[in-house]
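Tertiary structure, described
If you want the building blocks of each chain, they are given just below.
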Amino acid sequence: MQKIVPVIILTLLLFLQSCSDSSKNQQFLIGVSQCSDDAWRRSMNEEMQREASFNNGIELKIKTAYDSNQKQIRDIESFIADRVDLLIVSPNEAVPLTPVIEKAMKAGIPVVLVDRKTKSQQYTAYIGADNYQIGKEVGIYAANLLNGKGNVVEIRGLAGSTPDFERHAGFMSVIQNYPEINIIYSNDGGWLRSQAKEKMAEALKLQKQVDLVFAHNDEMGTGAREAVLVNNKIKKPVIIGIDALPGTDGGIQKVINGTLDATFIYPTGGEKAIQTAVRILHHEPFDRENSLYTAVVDKTNARVLKLQTDQIIEHQNRIGLLNQILNDRLSQYKTQQTFLTFSLLVIIIILVLLGLLFRSNRHKNKINKELELNNIAINKQKEELAEQRDQLIALSKSLEDATQAKLIFFTNISHEFRTPLTLLHGPLIKLAQTENLSREGKMLITLMSRNVQILMKLIDQIIEFRKYENGKMKMFYTLGDLKIFLTEITNSFAEMYQKKHIHFNFQTDNSDYTVWFDSDKIEQICYNLISNAIKFTPENGKIQVSLSKISSVTGNFAKISVTDTGCGISEDDLQHIFDRFYRVNENISGSGIGLALTKILVEQHNGTIDVESRSGKGSCFAVTIPFKQKNIAVQEQFPVLDSKHFEPVELVTSDEYNEQPETAGKNDNPVLLIVEDNADMRSYLKLLLHDDYTVYEAENGQNGLLKAKKLLPDLIISDVKMEVMDGFSFCKNIKENLATSHIPFILLTAFALDEQKVVGFESGADAYIPKPFNEELLKIRIRKLIESREKIKISFQENLTFGERKDSVTKIDKAFITKFREIVEENLIESNLNVDEIGKSLGLSRVQLYRKIKSLTNYAPNELVRNIRLKAAEKMLINSEKTVSEIAYDTGFTSPSYFTKCFKEYFNESPTDYLKRIKN
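Described below are features of the structure shown in this document. All values reported here derive from a predicted model rather than from experimental measurement.

1. Section: the sheet that holds strand S18 (residues 608-614)
Read from one edge of the open sheet, five strands run S14-S16-S17-S19-S18, paired in mixed fashion. Either end of the sheet is taken by a strand with one partner, and the two such strands are strand S14 (503-508) and S18. Sheet twist, expressed as the mean angle between neighbouring strand axes with direction ignored, is 15°. Relative to strand S16 (residues 542-552), S14 is paired through six bridges, and the arrangement is parallel. Within the sheet, the bridge partner assigned to Phe 506 lies in S16 and is Val 545. In this fold helix H13 (residues 482-491) packs onto S14, S16, strand S17 (555-564) and strand S19 (618-626), with an angle of close to 175° to the strand it touches most, S14.

What follows is the structure, encoded as structure tokens:
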């Protein structure tokens, strides 16, 4: 085997070498962009293809623009995108094609221009006849024919192309020397026979006597002849063209036929173009400008030239055929060589495989013995795994039993909650009927009654969920009007959607909606879907509940749709929203069983539930249930004591209470900002605190942050679990913002774990109070935090510094006051130092600076600046020998008298008395 492996390697190397030999010649792709599909360019294409066949490794890809600048630009851009090795371009017009030619050059693709140039010198090589010289030669020939006198019609090429411009210029450079030769008509024929015929007809209408027609190519000359032949009454003019192409429809044949009187040879340059391209691709020397020469073809030499060109074409065709045969033979040879090498390789591989088979047979017994030992070990492991599996099954059963025990316990507790909740709700209704109850008392009873109903709804869902898991859920169908039923349900949500200013609409048609359904279950389905829509829809959003009828081969179905413009659901969450205990947003309260139970209740009706949603756009839940229930015993509806039997108490709503002005109370009361997403909780807190404080509200951290920056309240109370921005992030933003960092912050939340408290204090909270809370404790905490701020202000007023105090003074606030003081002391002598300049240095507006300084020190900014000056003056009085007037000016006061007045107000004695006292 050791001798066989080198042989394999050597054989593979030989095979790779033979394959590389077959591709030794480098392959080049040349893109050719022709401006049109006329005979001249078809002839040039044939020349290029023939010449390319003589060069191995050259592939041509030809595209024609059919006289369209835009198409030719797209063709060239596609060649650039394909990364061709070289471009050969015959531009339709000079100016429009210039940018794309320059783009190709910048992309590193050489460009060979044929026949026509662009308006730029950015090209690799040019091949074509000298159009100016051709025009000049035509002018000399025409002048000689006319003996220096006559009427001439010039039918020009496409306007904007360089051949048109140059041929005309060359022609006119001669004709202008003959005053008696008149150009009676000159117009654009677009290189086309049909256009030239129209232009010639126009010329004949203007002037019947035409002695000579100069057409810029043979096709237009032919069109001019056709126009002349239509009018038999005029003298036949001499018609001169340009191209002199060979072939039956070429210019040479047209001279022999008498269609043209003369034509000038315009070489196509196809062969020269490929030869130049090959030299460029192989990095060989080449001429950048390649001019092709012309000669006249008329009756004197047309037949001789035709004979020569026909023979040349015949020889070229034979050469092309021989070249094709040679290429076929070479291809066949390469195929045979590859097949021979591959066959040799296959034989060697077979030999190697036989050797390997012999070797593997030799090791077979050894491997079998090892496998036998491995099987013994595997069987042992299998027994161990089986034992572990039994243990896992037992553990799983234990966990299932524990889970069921927990569910049973939770269900039992839920049942036990019904009695105390009933005893709470009944007395609440009784209290609500008391006539002498205050407005605030009615408000509290309303809050309590509403939240008792919410608890009962949650308990009902838990019990229904447990019934389904135990297979004990029963359906009690009644035949009723689903439209009326849904109308009553949607009306019950009026307070909820009006509170958030949501545009709510229930839409249906005039169809009959008499349906068999379980009213309790449908109520739970609608409650879950509509309450979720209200929860996730922002203020001023839209919710539409619709009822429609669907008919199919299986029967009639009622479709209930709930559509909102809320936050929507992401694609990842959509896959799990009907899973039990799954919650889309952890910052929004909920049990995670609402939609799971909804799906169960819909399926119990033999219906379906679907959802369509896009994150940030809103959601649409659609429930479809049949009009008739099959194979189910129809029973009467039995009354069940549940939450819907607790009628809501119609008293003062939270919205009505909140409509009172936020600025209610005394103007000198401290300002509180309450940030809480639960409107009832906001109303309750406002009810507790509005007598002693001016209370403002916000429904989430983002709005709270905006209000805090605007109001700069004396204290903020915030929930943690909120949409948009939670309480922790809100607190952190407040404490890290220079304008608000001094504001005391209380987190009031249901998160009562120590880990959650740690996060709260880390975010900068001054207090953390868990729900449910004692209202007296909350009031005391608020009062003490505000008093603490007042003590800090008093302490600052005595020393103009916070010193080493750590209570309620953040590092940001200390740094802010220090920076303020440094700015004043650095500019102490400047009497015109103003608050605007200080605010600009600190990054605050005048209003923000005033509020910040006032909140921290109880001074206005100007007062604080003056007091800092006075403190500096006091030090100078003690430590220097300067006079009072000198000190006054050195500390920025405008006059000694004003300084004395301010000093006496601050220190209760004049500077002179103060100086005498400390010296004695």
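2. What about the packing of aromatic side chains?
Working definition: an aromatic ring pair is given by the centre-to-centre distance plus the angle between the planes. Within this structure, the stated rule accounts for 15 aromatic pairs. On the numbers, 6.2 Å between centres and 45° between planes, the contact of Phe 761 with Tyr 768 is tilted. Classification of Tyr 768 by relative accessible area gives buried; the value is 9%. Grouped by ring-pair contacts, the aromatic residues Phe 893, Tyr 898, Phe 899, Phe 903, Tyr 906, Phe 907 and Tyr 914 constitute a single cluster. Its end group placed over the ring of Tyr 126, Lys 117 keeps NZ or CZ at 4.8 Å from the ring centre. Above the ring of Tyr 123, the side-chain terminus of Arg 288 is found at 4.1 Å from the ring centroid.

3. Here we look at the packing of helix H15 (residues 519-536) against helix H17 (residues 594-604)
Packed helices, taken two at a time, are described by their axes: the angle between them and the distance between them. Running from N to C, H15 and H17 point in directions that differ by 145°, and their axes come no closer than 9 Å. The hand of the H15/H17 crossing is left-handed. On H17, the residues that touch Lys 521, Gln 524, Ile 525, Asn 528, Leu 529 and Asn 532 of H15 are Gly 594, Leu 595, Leu 597, Thr 598, Leu 601 and Val 602. Split into classes, the residues belonging to the contact of H15 with H17 amount to six nonpolar, five polar and one charged.

4. Overview of the sheet that holds strand S11 (residues 289-292)
Here we have six strands laid out as an open sheet, ordered S2-S1-S3-S4-S5-S11, and parallel in their pairing. At either end of the open sheet lies a strand with only one pairing partner, and these are strand S2 (58-64) and S11. Averaged over all pairs of adjacent strands, the angle between their axes in this sheet comes to 15°, without regard to strand direction. Two strands pair when backbone bridges link them, and strand S4 (residues 111-114) and strand S5 (residues 125-129) are joined in this way by three bridges, in the parallel orientation. Bridge pairing in S5 links Leu 113 to Tyr 126.

5. Details of the layout of surface pockets
Computed from the structure, the second largest pocket encloses a volume of approximately 850 Å³. Around the second largest pocket, the lining comprises 31 residues; the ones closest to its centre are Ser 43, Glu 47, Leu 245, Pro 246 and Ile 313. Per-element accounting of the lining of the second largest pocket gives the leading share, eight residues, to helix H11 (residues 302-432). In terms of residue class, the lining of the second largest pocket is built from 12 nonpolar, 12 polar and seven charged.

6. Focus on a nonpolar patch on the surface
A cluster of nonpolar side chains, contributed by Phe 342, Val 346, Ile 347, Ile 350, Leu 351, Leu 354 and Leu 357, occupies part of the molecular surface with about 660 Å² of accessible area. Mapped onto the fold, Ile 350 is located in helix H11.

7. A look at the nonpolar core
Ranked by size, the top nonpolar core spans 41 residues in total, and within it Ile 30 and Ile 88 carry the most contacts. Of all hydrophobic cores here, the second largest spans 39 residues; its members include Ala 533, Leu 547, Phe 578 and Leu 595.

8. Digging into helix H19 (residues 679-689)
Most of H19 is tucked away: 10 of the 11 residues are buried. Within the sequence span of H19, burial applies to Ala 679, Asp 680, Met 681, Arg 682, Ser 683, Leu 685, Lys 686, Leu 687, Leu 688 and Leu 689.

9. Focus on the packing of helix H3 (residues 69-81) against helix H4 (residues 94-106)
Closest axis-to-axis distance for the H3/H4 pair is 10 Å, and the angle between their directions is 0°. Taken together, the axes of H3 and H4 lie roughly parallel to each other. Along its contact with H3, which presents Asn 69, Gln 72, Ile 73, Ile 76, Glu 77 and Ile 80, the element H4 presents Pro 96, Leu 97, Val 100, Ile 101, Lys 103 and Ala 104. Here the contact of H3 with H4 is built from residues that sort into eight nonpolar, two polar and two charged.

10. Things to note about the pattern of salt bridges
What the rule picks out here adds up to 23 salt bridges. Between Glu 226 and Arg 193 there is a salt bridge whose closest N-O contact spans 3.6 Å. Remark: Arg 193 occurs in helix H7 (residues 193-206) and Glu 226 occurs in helix H8 (residues 218-230); sequence separation between them is 33 residues. The partly exposed category is assigned to Arg 193, whose relative accessible area is 26%. One salt-bridge network, held together by shared partners, links Arg 193, Glu 219, Glu 226 and Lys 254.

11. Digging into the side chain of His 216
Here His 216 lies in the loop between strand S8 (212-215) and H8. Classification of His 216 by relative accessible area gives buried; the value is 0%. Among residues more than four places away in sequence, those in contact with His 216 are Glu 154, Ile 155, Arg 156, Gly 157, Pro 163, Asp 164, Arg 167, His 168, Trp 191 and Ile 242.

So, how was this worked out
Going along each chain's sequence as written, the residues are numbered from 1 onward. Predicted model: local features are reported for residues with pLDDT of at least 70 only, side-chain atom pairs are reported and counted for 80 or more only, and whole-chain, interface and lining totals are derived from all residues. Computation of side-chain values: all heavy atoms of the structure, hydrogens and water removed. By this definition, two strands are paired if DSSP reports at least two bridges between them. Counting from the N terminus, the helices are DSSP H or I runs at least four residues long and the strands are E runs at least two residues long. Axis definition: a line fitted to C-alpha atoms, over the contacting stretch in the case of helices. Angles run 0 to 180 degrees between N-to-C directions. We call two residues in contact when some of their heavy atoms are within 4.5 Å. We call Phe, Tyr and Trp rings a pair once their centres come within 6.5 Å, taking the six-membered ring for Trp, and we label the pair stacked below 30 degrees between planes, edge-to-face above 60, and tilted otherwise. When accessible area is computed with a 1.4 Å probe and restricted to protein chains, residues below 20% of their type maximum are described as buried, those above 50% as exposed, and intermediate ones as partly exposed. Criterion for a charge above a ring: Lys NZ or Arg CZ within 6 Å of the ring centre, and within 35 degrees of the ring normal. By definition, any crossing whose near helix is turned counterclockwise from its far helix by less than a right angle is left-handed, and any crossing with a clockwise turn is right-handed. Gly is placed with the polar residues, together with every amino acid not listed as nonpolar (Ala, Val, Leu, Ile, Met, Phe, Trp, Tyr, Cys and Pro) or charged (Asp, Glu, Lys and Arg). Cavities and pockets are found on a 1 Å grid laid over the protein atoms alone: a cavity is a set of points where a 1.4 Å probe fits but cannot escape, a pocket is an open set with protein on both sides within 12 Å along at least five of seven lines, and a lining residue has an atom within 4 Å of such a point. Grid points are joined across faces, edges and corners, and a volume is the space filled by probe spheres set on the points. Two joining distances apply to patches: 9 Å for like charges and 5 Å for nonpolar side chains (Val, Leu, Ile, Met, Phe, Trp, Tyr), and every residue must have over 30% relative accessible area and no salt bridge. Surface accessibility in these figures is a Shrake-Rupley result with a 1.4 Å probe; residues are shielded only by whichever protein chains are displayed. Take a side-chain nitrogen of Lys or Arg and a carboxyl oxygen of Asp or Glu: if they are within 4 Å of each other, that pair is a salt bridge. Nonpolar cores were defined as sets of buried Ala, Val, Leu, Ile, Met, Phe, Trp, Tyr and Cys residues, with membership established by side-chain atoms within 4.5 Å. Each angle gets one of four labels, with under 35 degrees taken as roughly parallel, over 145 as roughly antiparallel, 65 to 115 as roughly perpendicular, and the rest as oblique.

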